[in-house]
Amino acid sequence: MKGKENGCTVIAGCGRLGASIAGKLSEKKKDVMVLDCDKTAFRKLPYSYGGLTLTASATDMERLASSGLSDAAVFIAVTDHDCVNICAAQIAKKIFHIPKVVARIYDEEKVSLVKNMGIDAICPSELSEKELANYIEIEGGTYVE
């Protein structure tokens, strides 16, 4: 990995979302590393993916340290588990001092907890609600509550 000033991005979780983000960043010639505890998950990455992969848990501090995580500028936790995403994001922020940390959180009640830690949270249900509200307003003029 090249260093914080070069915008390295580490993505924890190689599901559909993680693989898609990694593919888009790789297409833009960004320095990317994807980690997942299941090495078969990397099959989801696009054929053109030119970044690194690491088979490791997003919370395995020894593996993360040896991978060069401390050089990352962005850490994105998008595993399927809120607790893993929260823990991995905390590790990235507090131990590896990564400036921009984002965690996908499914449980809306955990979002404020994450934000209070200085971690950006993406909550799919909140995003869906906002998009649907915007769609209803745009398409129908107003919406019924």
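In case you missed it, the structure is sitting above this.
All values derive from a computational prediction rather than experimental measurement.

Before we move on, can you summarise the sheet that holds strand β5 (residues 100-104) with the specific residues and values?
On the basis of which strands lie adjacent, the open sheet formed by six strands has the order β3-β2-β1-β4-β5-β6 and parallel pairing. At either margin of the open sheet sits one strand with a lone partner, and together these are β3 (52-55) and β6 (120-122). Strand-to-strand twist of the sheet, defined as the mean angle between neighbouring strand axes without regard to direction, takes the value 15 degrees. The strands touched by helix α1 (residues 16-27) are β1 (9-12), β2 (32-36), β4 (74-77) and β5; relative to β1, the strand with the most contacts, the crossing angle is about 160 degrees.

Any details on the nonpolar core? Residues and values, ideally.
One finds Leu-69, Phe-75 and Ile-98 to be the most contacted residues of the largest nonpolar core, which totals 28 residues. Put simply, the parts of the chain that give this core at least two residues each are β1, β2, β4, α3 (82-95), β5 and α4 (108-115). Of all the elements, α3 adds the most residues to this core, at five residues. The next biggest cluster of nonpolar side chains, apart from the first, holds twelve residues, and it includes Cys-14, Val-32, Leu-45 and Ile-76.

Can you lay out the pairing of β5 for me, pointing to particular residues and giving the numbers?
Judged by how many residues are buried, β5 sits mostly within the fold: four of five residues are covered. One ladder, built from four bridges, connects β4 with β5; its direction is parallel. Within β5, the position partnered with Phe-75 by the bridge is Val-101. Taken together, β4, α3 and β5 constitute a β-α-β crossover, and its handedness is right-handed. Two strands pair when backbone bridges link them, and β5 and β6 are joined in this way by three bridges, in the parallel orientation. Within β6, the residue paired with Ala-103 across the bridge is Ala-121. For the segment spanning β5, α4 and β6, crossover handedness is right-handed.

Criteria and cut-off values
The residue numbers shown here count from 1 along each chain, following its written sequence. Reporting in this predicted model follows two pLDDT cut-offs: at least 70 for local features of residues, and 80 or more for side-chain atom pairs to be given and counted; totals over whole chains, interfaces and linings ignore these cut-offs and use all residues. Side-chain metrics in this entry use all non-hydrogen atoms of the structure; hydrogen atoms and water are not considered. Paired strands are those between which DSSP finds at least two bridges. Going along the chain from the N terminus, every DSSP run of H or I of four or more residues is numbered as a helix, and every run of E of two or more is numbered as a strand. For helices, the fitted line uses only the C-alpha atoms of the stretch in contact; every axis is such a line through C-alpha atoms, and the angle between N-to-C directions lies from 0 to 180 degrees. Contacts: residue pairs with any heavy atoms within 4.5 Å of one another. We call a set of buried Ala, Val, Leu, Ile, Met, Phe, Trp, Tyr and Cys residues a nonpolar core when their side-chain atoms join them within 4.5 Å. Relative accessible area decides the class of each residue, using a 1.4 Å probe on protein chains only: under 20% of the type maximum gives buried, over 50% gives exposed, and in between gives partly exposed. Classification remark: right-handed applies to a crossover when, strands pointing away from the viewer, the course from the first strand over the helix to the second runs clockwise.

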